[in-house]
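# Structural overview for review
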Amino acid sequence: MMRVRVNFDKTEEMRFTGHLDLYRTWERTLRRAGLPLAYSQGFKPHPRLQIAAALPLGFTSSNDLMDIWLEEKLPISFIQSCILAALPPGLQLNSLTEVPLNQPALQSLLTASEYQITFLESILDLEQRVQALTKHSSILIERRGKNYDLRPLLLSIEILIHNAEEQQRLKTLLRTDSALHARPDELVNAMGIPAEKALFHRLKLHFNQELT
Amino acid sequence: MKSDSVFTPQLIQKSLLSILPTVQKPARYSGGELNQIVKDWQSTAVHWCLVFPDIYDIGMSNLGMAILYDLINQRSDALAERAFAPWVDMETKLRQNHLPLYSLETKHPLSAFDIIGFSLPYESLYTNVLNILDLANLEIWSEKRAEQHPLIIAGGHATYNPEPMAAFIDAFVIGEGEEVVQEIIDVFQSWRKSASSRASLLRQLANIDGIYIPSFYKAHYHLDGTFSHLEKREESAPTIISKRIVAHLPPAPYRFIVPYIETVHERIPIEIMRGCTRGCRFCHAGMVTRPIRERSVSEIIETIQKAVQATGYNEVGLLSLSSSDYTHIADLVKEIQCHFSSNHLSISLPSLRIETFSVELMQALGTTRRGGFTLAPEAATERMRNLINKPISTQDLLQTTQAIFENGWSTIKLYFMIGHPLETLADVQAIADLSKEVLSLGKKIVGHRVQIHVSVSTFIPKPHTPFQWVACDSMENIQEKIELLHRNLRGKNLKLTWNSPEATFLEAWLSRGDRRLAEVIYLAWKMGAKFDAWNDHRNMDAWYQAFADCGLQPEFYTHRLRPITEAFPWDHIDIGVRKKYLMQDYQRSLQEQTRPDCRQGCYACGILPKYNSLRRERGLTWKCPPLKIHSTA
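It should be emphasised that the depicted structure is a prediction, and the values quoted were computed from it without experimental measurement.

Moving on, we come to the interface of chain B and chain A. Taken residue by residue, the interface counts 20 residues in chain B and 22 residues in chain A. Across the side of chain B that touches chain A, the residue classes tally to 10 nonpolar, 9 polar and 1 charged.

Listed below in structure tokens is the structure:
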């Protein structure tokens, strides 16, 4: 048995694919790659793969992480060439590393997510809106009928491109763990901007320990 | 100039970025899937848009679309792209933003294509065709479209009676499309070079076997409203349009587009056989797809291998109208076992006959027991089954269900039809009794886990079948029959589902209609009818109002026993099976006489002489057994 950590990007073609569909797309990609996937036991066996953090429909990402399990040990370079040959539009492979079988699940190590937000229309008072946001001591957001406070989950926010002539850009770090997670589209809504006026890209995941 | 020339693909793409996050399942509208084919627009001569007029989730599972997509894109001078009916939320967004419907591959508006080909496997898609033309900013009526507009083509099983849609479609493809699409592209190319009129294009198309140009004919009716005849308005147009068939099934496609989102079938579809020899009298497909043509076991195995590699799917559907009748079925299953048993690949083999051998096949395929085992007796009494020519003895049926339970299945799905000709309440009661008998058999073998799902649909007398003269059962009768079943099939191990009778009637009048229905379809669509195949979207009030506004009665089309002497609006469409044969078969049915599998002996349906030259030319490729003389008593 071998556990391999896959670092990948979800790009434009797969922007409108949700988490479960991403999972199924990986399943098929790995099957096309012809790798000896380890299957779960049970009524309907599934290949064992774990994606570190769900990415909402409408988002793209870079440096996304997933662990896969193989029945036999194979050279990383071989696995890489198999996957590269099978990738669909919308998935890019960055790197592969072998990780110890007994390492905890990626999801349990996750602490925060870094996002880039690109506005499709210029927001003239973007700076004020960002400042207003950080001044609040609490930002109540309704999600599926329940309220949560986004403010303590907002770890940082900065404007990358101010100029309203260009596509304006923000970068933000939001807390993400198994109990709590904030969404950047909710953050944009909280700034009084409809989320469909922005594109969301997850740049990076943060973990509570250095990952290989 | 194209009417939508202001809508460049770039503009559409840009608008989508802010529209798509606001609709359900936006990946329906974004394209870009694995194995999608994108060709260079400028350097490719003929642009063909294949349209399935229902949502992406359904259309992407349609094998016909996949076949034509593959074939057209193999040509260097043509490209094929896809479009589907947008769901209501997306339609609203398109209309609000004044965006035209576009193709998934390159986001060109539909009006920028040379040819738009609609796939019409069933009739309840008709209003969606009108809606799509409208969303494409095209004129709905064929006669209002001109040179600069795309040529609008339609094909598929529903178009064996093209008349209800004749006013909207420029050219119908009758029969199998694999070769005709090539000829259409050739004709289109040479017509464009000649820079002549649209009428001249239609005249050239009419010369292709299997192409029907409805505007070349005018329909006449008797004073009592019944159909009289079609009058030819164009000298060169054929009087009879014979369906096209291919002598050999062309190589099966395997590089299927893999959707990012879930669709109705998540599997590799492989057609193992086309046509059927059983002759069930209610079955439209069984009559129109004759003769039988099979793929070899080695081609099927090779296609599975290539398709798994190309798609990564873990399920294969081996498709045909009657899998058990595939000549090499036992070999095929054996080969599949030896090639794929360790691949986590599940193989489905639908449409199996009711016999214990089917259970052995499923057992050998290692089919999961979860989905249950499906049997389609269609009727519950031997009398009824003889009448519809699906002769199975009740004893065989019970033996088969016993074998199913003994082999580890605990769920059996039974498919029945009600409203068959000459059906009595006793025949319907028998559905309940038989289902309960199967249930008690199951209880003895698998205990309380047993589940019997009874699915009941309502019979429609389809054109080109031996029952085309028959009337639909009345609404009162059908409701009484459904209530009877509902009363009798209760309990925790029984589940009864049935089709809405109204949906059935809608399908019935659209399938049996004449050219006067065009106005009805148009008005119904204007009043909001669309997605008629969807139970929660069907707008019967719009349809009834449309009929009333046109001074027509739906019952005229559906609830009238047609005399043998009456002409049908679809008589000019020749499916190769002779009308006289259908008539004899109808008369035999009334005497409860069957015509078993024609592989056992030919009944001279007409398909053999009709396509004899094609058969000789291409080497004897399909099986019609040697002609034996049967008594026609």
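Turning our attention to the sheet that holds strand 2 (residues 78–84) of chain B. If you trace the 6 strands from one edge of the open sheet to the other, you get 2-1-3-4-5-6 (chain B), paired in mixed fashion. Each edge of the open sheet carries a strand with a single partner, namely strand 2 and strand 6 (211–212) of chain B.

Regarding helix 7 (residues 198–206) of chain B, the residues found buried are Leu201(B), Leu202(B), Gln204(B) and Leu205(B). In a view along the axis of helix 7 of chain B, the buried residues occupy a sector of 160 degrees, so they form one face of it.

Once that is clear, we can look at the domain arrangement of chain A. Residues and elements named next belong to chain A. Taken domain by domain, chain A comprises domain 1 (2–103) and domain 2 (110–207). A separation of 28 Å is found between the C-alpha centroids of domain 1 and domain 2. With 11 residues of domain 1 at the contact, the number on the domain 2 side is 10 residues.

The next point concerns the environment of Ile452(B). Residue and element names in this part refer to chain B. Assignment of secondary structure puts Ile452 in strand 17 (residues 451–458). A count of 27 C-beta atoms within 10 Å places Ile452 in the buried class. The sequence separation of Ile452 and Lys413 amounts to 39 residues, and the corresponding C-alpha distance is 5.9 Å. In this view, Ile452 contacts Ile412, Leu414, Ser435, Val438, Leu439, Gly442, Asn493 and Leu494; residues no more than four positions away in its chain are not counted.

Attention shifts here to the confidence of the model for chain B. Residues at a pLDDT of 70 or more form 97% of chain B, whose mean pLDDT is 94. With pTM at 0.95, the complex prediction returns an ipTM value of 0.91.

Considering every residue of chain A, the mean pLDDT works out to 92; 100% of them sit at 70 or more. Confidence scores differ between elements of chain A, with strand 6 (residues 140–143) of chain A showing the lowest mean pLDDT of 87 and strand 1 (residues 2–10) of chain A the highest of 98.

Time to look at the packing of helix 3 (residues 63–74) of chain B against helix 6 (residues 177–194) of chain B. In a packed pair of helices, the relevant descriptors are the angle between the two axes and the axis-to-axis distance. All names here are of chain B. At a closest axis distance of 10 Å, the pairing of helix 3 and helix 6 adopts a crossing angle of 40 degrees. When the axis of helix 3 is compared with that of helix 6, the two are oblique. Two packed elements cross with a definite hand, and for helix 3 against helix 6 that hand is right-handed. Here Ile67, Leu68, Leu71 and Ile72 of helix 3 lie close against helix 6, whose contacting residues are Gly177, Glu178 and Val181. Class assignment for the residues of the contact of helix 3 with helix 6 results in 5 nonpolar, 1 polar and 1 charged.

Analysis parameters
Residues numbered from 1 in each chain as written. Chains lettered and ligands numbered in written order. Predicted model: local features only at pLDDT ≥ 70, side-chain atom pairs only at ≥ 80, totals over all residues. Contact = placed C-beta atoms within 7 Å. Nonpolar A, V, L, I, M, F, W, Y, C, P; charged D, E, K, R; others polar. Pairing = 2+ DSSP bridges. Helix = DSSP H or I, 4+ residues; strand = E, 2+ residues; numbered from the N terminus. Buried ≥ 20, exposed ≤ 12 C-beta atoms within 10 Å, placed from the backbone. Arc of directions from axis to C-beta. Domains from an automatic or database assignment. pLDDT = per-residue confidence, 0-100. Axes fitted to C-alpha atoms, helices over the stretch in contact; angles between N-to-C directions. Parallel < 35°, antiparallel > 145°, perpendicular 65-115°, else oblique. Left-handed = near helix turned anticlockwise from the far one by under 90°.

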